[in-house]
Amino acid sequence: MDLESHRFISYFLPDQRPELCHSATIEKFPPGTVIFEENEKPDALYLVLDGKIEFSKRGGLGQYQNVAWAEENDFFGEFGVLDGQPRSARAVTCTSATIAKIPRDRLMDILERSPGKVVLQLFHHIIHYLRLTTEQYVNQMVHKHKMMAVGEMANTIIHDLKSPFTGISLANSMLKDLHQDEETQEWCNLIQAQITQMVVMTEEILEFTRGKATLNQKTFNLGESLEKFQRLNFIYWNQHNINFILRCDNIILNGDENKLMRVWQNLVGNAVEALDEQGGQIVLIAAKLGQDALIKISDSGPGIPEAIQSRLFDPFVTYGKRGGTGLGTAIALSIVEAHGGDITFESQAGKGTTFYIRLPLC
Ligand SMILES: Nc1ncnc2c1ncn2[C@@H]1O[C@H](COP(=O)(O)OP(=O)(O)OP(=O)(O)O)[C@@H](O)[C@H]1O
Ligand SMILES: [Mg+2]
């Protein structure tokens, strides 16, 4: 956009606008340019003519946390210009951007000569912006506290479940020793695998709430791993009248097999829950696609509710489930991203849902 039609310029009286535009210098910036640093002395106001700017503050551990964005027709840096205090955040271009810079002393001079109406317009903008950032800050704090609460809960669960898990494991190995026949051995192995899975699951929730996904990476055969996943679940699926179909190319992945198992578990688990008692079909297809493995999980369920589709992967987003924590898809996404992959989905009401998971090949 051109400077003359920018929102900020339109706040001023028509005869003030040319002077304001004249005092501005327009510059193009490549992505990643620091416009100003946190705590820097404010020397200008910035009007975004195109592109996107990100504002971030340094957190307690030294890492930057995003607090807001500005896009075409927005302006920023007005707080520092008005009160002369150091910049409260760092401004960096996310894309290439064109920005007009109005020096502080020129702007103050024009503002001092402006009627109340102009100042009021600016005031409105500042109040609106303050409301938005306060709301964002409150949401972030609520999110952080929820994470901490889930973390504490997971800690307690892990602690309390340790002794019954050990008891079941011991009883299981005694049964294995007592009955050496092939069928009992197979059932006992299944019980042991499920116990291990439960311990891993609770520990992963704990890890997720702490915001880290440490990977124990090894090369493994995806087909064999998916068959194991099928063996672990087939009784549960049968009980829910699920017809599970698995097709997998010969794919070798370098990744954390247990964590990826959680991804299949969460996504297929959601599909089973969505299919409810009447059951239906779930198809898992894994194939090579260029440099990636593409895993497709489709179900013939009711589809993901419209109301949550855009926030599906956010933590604590759940819909229509008693006891749903809304962490399943968020955990799945964090694991896939830690492997350098991504997840997308398509969902149609009454027809079903398909998740597409892309993972880089070895
Ligand atoms: N395949 C699907 N079909 C229909 N709805 C789905 C499907 N997958 C997810 N959903 C919807 O998305 C919501 C969020 O799923 P997510 O796995 O993140 O959390 P949850 O299942 O509610 O709780 P949790 O997995 O933590 O126990 C679900 O509550 C459900 O409404
Ligand atoms: Mg779930």
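Residues numbered from 1 in each chain as written. Chains lettered and ligands numbered in written order. Predicted model: local features only at pLDDT ≥ 70, side-chain atom pairs only at ≥ 80, totals over all residues. Heavy atoms only, no water.

> What is the right way to look at the overall build of the protein in this model?
Across its full length, the protein carries 10 helices and 15 strands. Here the C-alpha atoms of the protein give a radius of gyration of 28 Å, more than 25% beyond the 21 Å that 2.2 N^0.38 yields for 362 residues. The C-alpha extent of the protein, read off along each of the three principal axes, is 95 × 40 × 40 Å. Every one of the 362 residues in the protein was classed for burial, and the buried ones make up 39%. (Helix = DSSP H or I, 4+ residues; strand = E, 2+ residues; numbered from the N terminus. Rg over C-alpha atoms; globule rule 2.2 N^0.38 Å. Buried < 20%, exposed > 50% of the residue type's maximum accessible area, 1.4 Å probe, protein only.)

> Sorry, what's going on with the packing of aromatic side chains here?
Two aromatic rings are characterised by how far apart their centres lie and by the angle between their planes. Counting across every chain of the model gives 15 aromatic pairs. Summarising the aromatic geometry, the rings of Phe-8 and Tyr-11 are spaced 6.1 Å apart at their centres and angled 65 degrees between planes, so their arrangement reads as edge-to-face. With a centroid separation of 6.0 Å and 85 degrees between ring planes, the pair formed by Tyr-11 and Phe-75 is classed as edge-to-face. Taken together, the positions of Tyr-11 in the loop between α1 (7-10) and α2 (17-23) and Phe-75 in strand β6 (residues 75-76) put the pair 64 residues apart, joining distant regions of the chain. Through a chain of ring-to-ring contacts, three or more aromatic side chains come together here, namely Phe-8, Tyr-11, Phe-12 and Phe-75. In this structure, Arg-87 packs its charged tip against the face of Phe-36, placed 4.1 Å from the ring centre. (Phe/Tyr/Trp six-rings, centres within 6.5 Å; stacked < 30°, edge-to-face > 60°. Lys NZ or Arg CZ within 6 Å of the ring centre and 35° of its normal.)

> How should I be thinking about the sheet that holds strand β13 (residues 292-299) in this particular structure?
With mixed pairing, the five strands of this open sheet are ordered in space as β10-β12-β13-β15-β14. The sheet is open, and its two edges are formed by β10 (242-248) and β14 (342-348), each paired on a single side. The sheet shows a mean angle of 10 degrees between the axes of neighbouring strands, direction not considered. Across the sheet, helix α7 (residues 222-239) is in contact with β10, β12 (280-289) and β13; its angle to β10 comes to roughly 175 degrees. Here helix α8 (residues 257-275) sits on the sheet in contact with β10, β12, β13 and β15 (352-360), set at roughly 150 degrees to β12. (Pairing = 2+ DSSP bridges. Axes fitted to C-alpha atoms, helices over the stretch in contact; angles between N-to-C directions. Contact = heavy atoms within 4.5 Å.)

> Would you take a moment to explain helix α5 (residues 116-178) for this structure?
Think of an α-helix as 3.6 residues a turn; residues three or four steps apart then line up on the same face. The terminal C-alpha atoms of α5, which comprises 63 residues, lie 90 Å apart, in line with the 93 Å expected from a rise of 1.5 Å per residue. Of the residues making up α5, those classed as buried are Val-118, Leu-122, His-125, Ile-126, Met-147, Val-150, Gly-151, Ala-154, Ile-158, Phe-165, Ser-169 and Asn-172. The inward-facing, buried residues of α5 abut α1, β6, α3 (78-83), α4 (104-112) and α6 (182-209). (Expected span 1.5 Å × (residues − 1).)

> What am I meant to see in the pattern of salt bridges here?
For side chains bearing opposite charge, pairing can occur when the charged atoms are close. Throughout the structure, instances matching the rule amount to 11 salt bridges. Glu-37 is the partner of Arg-90 in a salt bridge, and the nearest nitrogen-oxygen pair spans 3.9 Å. With Arg-90 in strand β7 (residues 90-93) and Glu-37 in the loop between β2 (34-36) and β3 (44-50), this pair connects stretches of sequence that are 53 residues apart. Residue Glu-37 is classed as partly exposed on the basis of its relative accessible area of 28%. With a shortest N-O distance of 3.7 Å, Glu-38 and Lys-57 are connected by a salt bridge. In this pair, Glu-38 sits in the loop between β2 and β3 while Lys-57 sits in strand β4 (residues 52-58), placing the two residues 19 residues apart along the sequence. What makes Lys-57 partly exposed here is its relative accessible area of 35%. Sharing partners across several salt bridges, the network here consists of Glu-19, Asp-109 and Arg-113. (Salt bridge = Lys/Arg side-chain N within 4 Å of Asp/Glu carboxyl O.)

> Honestly, the site of ligand 1 in this entry has me stumped. Any pointers?
Around ligand 1, the structure places 19 residues, and the nearest of them are Asn-270, Thr-318, Lys-321, Thr-325 and Thr-329. Between Thr-325 and ligand 1, the recorded distance is 2.3 Å, taken from a side-chain N or O atom to an oxygen atom. Contributions of two or more residues to the shell around ligand 1 are made by α8 and α10 (328-338). In terms of residue count, α8 provides more of the shell around ligand 1 than any other element does, three residues in total. Looking at the shell around ligand 1, its residues break down into eight nonpolar, nine polar and two charged. (Near = heavy atom within 4 Å. Polar contact = N/O pair within 3.5 Å; in protein donor to acceptor, adjacent residues only side chain to side chain. Nonpolar A, V, L, I, M, F, W, Y, C, P; charged D, E, K, R; others polar.)

> How should I be thinking about the packing of α6 against α10 in this particular structure?
Angle between the axes and distance between the axes are the two parameters that describe a pair of packed helices. Look at α6 against α10: their axes get within 11 Å of each other, and the N-to-C directions meet at 75 degrees. In terms of axis orientation, α6 runs roughly perpendicular to α10. Along the contact surface, α6 presents Glu-204, Ile-205 and Phe-208, while α10 presents Ala-330, Ile-331, Ser-334 and Ile-335. When grouped by side-chain class, the residues that make up the contact of α6 with α10 number five nonpolar, one polar and one charged. (Parallel < 35°, antiparallel > 145°, perpendicular 65-115°, else oblique.)

> How should I be thinking about the side chain of Asn-266 in this particular structure?
Tracing the sequence through the fold places Asn-266 in helix α8. What makes Asn-266 buried here is its relative accessible area of 11%. There is a polar contact of 3.0 Å between the side chain of Asn-266 and the backbone oxygen of Gly-328. Ignoring anything within four residues of it in the chain, the contact list for Asn-266 reads Gly-328, Ile-331 and Ala-332.

Take it as geometry only, folks, not as evidence of what the structure does.
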